[in-house]
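The residues making up each chain are set out below.
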Amino acid sequence: MTTITNILLVDDHLLLRKGLRLLIESEEGLNVIGEASDGQEAIDLVRELAPDIVVMDINMPNLNGIEATRKILAESPQTRVLALSIHYGKQYVENMIKAGASGYLLKESAPKELIKAINVIREGQAYLSANITEIVLSRLRQETGAGQSADFHLRASKVKRP
């Protein structure tokens, strides 16, 4: 017996939501229980429908996906959020992860990757697309000072104090 995972789609583009619904519902065990066109509507639907996973866009009218994610997870910590965005800039990625998203996927990703991300997240793990993983790792390296080039260390070792 397959466990059903209930999903809420949040994106301000109706055509994209309908395409995502068709893609997701073609997979056994995945069920789209609602759609929202902005962050505030998403919060209201999470309260009403209690989805397992919210597939969340970032840039939307009324309330963006980052703020909506924060509010959803504050009220419903068992809900998992998968960011699905065209944005791969560090600020977007970092803010979405800090808001509590369990995953981040670019809209340019293949449809199979969306299904993979949903399946990974529903198992309680995190998912980042390859491009996003590099952004997160570079930020961690920057914060820890790791990953500096050997050339930098070589030049620094040749500098002598006066």
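Everything here concerns the structure above.
Please read all numbers here as calculations on a predicted model, not as lab measurements.

Draft legend 1. Structural detail: the side chain of Glu 113. Relative to the assigned elements, Glu 113 resides in helix H5 (residues 111-122). Here Glu 113 occupies a buried position and makes no salt bridge, while the nearest side chain of opposite charge, Lys 116, is found at 6.7 Å. A distance of 2.7 Å separates the side chain of Glu 113 from the side chain of Tyr 127, its partner in a polar contact. If near-sequence neighbours (up to four positions away) are discounted, Glu 113 is found in contact with Leu 105, Tyr 127, Ser 129 and Ala 130.

Draft legend 2. Quick look at helix H2 (residues 39-49). Within H2, the full set of buried residues consists of Gly 39, Ala 42, Ile 43, Leu 45 and Val 46. Looking at the buried side of H2, the elements it contacts are strand S1 (5-10), strand S2 (30-36), strand S3 (53-56) and helix H3 (65-75). Of the residues that open H2, the one with a side-chain oxygen 2.9 Å from the backbone nitrogen of Gln 40 is Asp 38. Positioned one or two residues after H2, Ala 50 has a phi angle of 50°, which is positive.

Draft legend 3. The arrangement of the pattern of salt bridges in detail. As enumerated under the stated definition, the model contains ten salt bridges in all. Glu 25 is the partner of Arg 21 in a salt bridge, and the nearest nitrogen-oxygen pair spans 3.3 Å. On the criterion of helical spacing, the pair formed by Arg 21 and Glu 25 is a turn pair, its members being four residues apart in helix H1 (residues 14-25). The partly exposed category is assigned to Arg 21, whose relative accessible area is 23%. In this structure, Arg 47 and Asp 44 form a salt bridge, with 3.4 Å as the shortest nitrogen-oxygen distance. In this pair, Arg 47 and Asp 44 both sit in helix H2, three residues apart, roughly one turn of the helix. Taking the relative accessible area as the measure of exposure, Asp 44 reaches 37% and is therefore partly exposed. Salt bridges sharing partners connect three or more residues here, namely Arg 17, Lys 18, Arg 21, Glu 25 and Glu 35.

The rules behind these values
Residues numbered from 1 in each chain as written. Predicted model: local features only at pLDDT ≥ 70, side-chain atom pairs only at ≥ 80, totals over all residues. Heavy atoms only, no water. Helix = DSSP H or I, 4+ residues; strand = E, 2+ residues; numbered from the N terminus. Buried < 20%, exposed > 50% of the residue type's maximum accessible area, 1.4 Å probe, protein only. Lys, Arg positive; Asp, Glu negative; His and termini not counted. Salt bridge = Lys/Arg side-chain N within 4 Å of Asp/Glu carboxyl O. Polar contact = N/O pair within 3.5 Å; in protein donor to acceptor, adjacent residues only side chain to side chain. Contact = heavy atoms within 4.5 Å.

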